[in-house]
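Okay, here's what each chain looks like letter by letter:
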Amino acid sequence: MSNSRKSFSIAEKIEIIQDYDKTQLKQKDFAASKNITPSTLRSILKRRNEFTSATEGKDRKKIRTAKHDQLETVLKVWFTQARSSNIPVSGPILRGKAQEIAQFLGISDFNASTGWLDRFKNRHSIIYRKNCRVPKAAAAGPLGSVSDWKEQLSSVTEGYEPTEIYNAAEFGLFFKLMPADESLATYKTERCRGGELSKDRLTVLVCTNSTGSDKRKPLVIGKYAKPRCFDNVKTLPCIYASQSRAWMTSVQFSTWLHDWDKELEARKKPNILLFVDNCAAHLKVDHLNHIKIIYFPPKTNSELQPLDRGVKTVFRQGYRRRAVQLYLQEMAASKKPKVTVLDAIHFVHASWRDIKPATIENCFKKAGFFGGSQSGSQATQVESEMGWETLVGEGSVPELDMFLDVDNNLVTSEITSHESLVEDNLSHAEEEDEDEPAPRSAPKSAEVVDALKLIRHFFTCIPNVEDDVFDKISYLENSIFQK
């Protein structure tokens, strides 16, 4: 493969995208067949919508881009992190950092001149102002401490209905773990900033309003963009993204917010108030028209964040219960139990769906919203029907508590160096996970209908089954017949 850089026209880039969509090759193999680098291919695929829209209609406009897109992408994220961390960044500092990134990327023809800096600022709408250092109170949000929060929370939420007040939070999840795992104690102390265990973890972002009437579709972040179990999969019940450490990044958080903002615009929904913690990924997001963000004071999540007052724990109970059920079923069928990323996504969806609105309302009150008390135990035992008794028996299980909260120490984001930002842009997050089992072929409609007949027969053999069970089976049959 030639290492020289080649410039492609928009038509050539669209042709590459179309050829890639038709092939079953991995990105690195397809790039080799086109005599381009994998990073060039990833850059083209990332901007497919932009290239496609540029050719629509009779007037085709040339897209003006930076010569070194990857360098500027990394520099923009670094700059945003620095400013959100209250670190002043001047023109010379920005030019120096750009030169460092260019050197790390092996770009020899880059010159961080004042002319380049002006163009970079224009492309990314960066404006320098005197004394633009962010005040500490503003950096953390309008409320600087727990006592301030208690006093001012009602005034912050004034004008918003309970249905318009939301909380979003991430947490780590060792999605493959089972109670009998011999390494359970090792996982318990693991923060998982990379390495082999990053393949065994996911980061999950959940978001809900204070009444539990709008539980947003979870965002699941894994290490690989194309796990093998995703073959033949066209629809997922969660949003899926990838990152080399399976972490939330500021880019992913910004994308998630802007997509939600566009949805509110399209559906003509009222503006909302979103509470989040001030982790490294939750940087200031511009150009939001319908979402106002309020940051919790630093290091107060366990007291002030509603999702940390019990919702996460109830979610993990539901997820682990489903994982154990799969484990027992596979063992009974003499199969080797294994949870795939696809299994995990369905478990995440079901566990989030099953959390009752009353649980969420209780946790918002526990966090001090709507005049609620912050005293008392967390709402972790609100849903007694989680079913652990039937899975583990009436006797106590020594490792059960450890199994349920084994992910508590997992890192979900950090301030990222420019070296790590480059690694994220070049990493195998775009590749597939070879450790995943071979994917199942897509079933035929007739096979699915036969499976539903078996399910219906199963429930007819059980006494006192609720009528809605058969209604749901019929709904699924109708959905299949309509395809």
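Residues numbered from 1 in each chain as written. Predicted model: local features only at pLDDT ≥ 70, side-chain atom pairs only at ≥ 80, totals over all residues. Heavy atoms only, no water.

### Some points on the pairing of strand E6 (residues 291-295)
- Within E6, four of the five residues are buried, leaving the element largely enclosed by the surrounding structure.
- Across five bridges, the pairing between strand E5 (residues 272-276) and E6 is parallel. Paired with phenylalanine 275 across the two strands is isoleucine 294, which belongs to E6. (Buried < 20%, exposed > 50% of the residue type's maximum accessible area, 1.4 Å probe, protein only. Helix = DSSP H or I, 4+ residues; strand = E, 2+ residues; numbered from the N terminus. Pairing = 2+ DSSP bridges.)

### Describing the sheet that holds strand E2 (residues 201-209)
- Strand order in the open sheet formed by six strands is E4-E3-E2-E1-E5-E6, and the pairing between neighbours is mixed. Lying at the two open borders of the sheet, with one neighbouring strand each, are strand E4 (239-242) and E6. Geometrically, the sheet is characterised by an average inter-axis angle of 25° between neighbouring strands, direction not taken into account.
- Two strands pair when backbone bridges link them, and E2 and strand E3 (residues 219-222) are joined in this way by three bridges, in the antiparallel orientation. Bridging from a neighbouring strand, threonine 203 pairs with isoleucine 221 of E3.
- Contacts from helix H9 (residues 146-156) reach E5 and E6 within the one sheet, and its direction differs from that of E5 by about 155°.
- Sheet strands in contact with helix H11 (residues 250-266) are strand E1 (165-174), E2, E3, E4, E5 and E6, and its direction is about 165° off that of E5. (Axes fitted to C-alpha atoms, helices over the stretch in contact; angles between N-to-C directions. Contact = heavy atoms within 4.5 Å.)

### Overview of the pattern of salt bridges
- Applying the stated criterion to the full structure yields 14 salt bridges.
- A salt bridge links aspartate 118 to lysine 121, with the shortest nitrogen-to-oxygen separation between them at 4.0 Å. Remark: lysine 121 and aspartate 118 occur in helix H7 (residues 114-123); sequence separation between them is three residues, near one turn of the helix.
- Aspartate 118 gets classed as partly exposed once you look at its relative accessible area, which sits at 41%.
- Close ionic contact of aspartate 214 with arginine 216 constitutes a salt bridge, the shortest N to O distance being 3.8 Å.
- Overall, aspartate 214 belongs to the partly exposed group, its relative accessible area being 23%. (Salt bridge = Lys/Arg side-chain N within 4 Å of Asp/Glu carboxyl O.)

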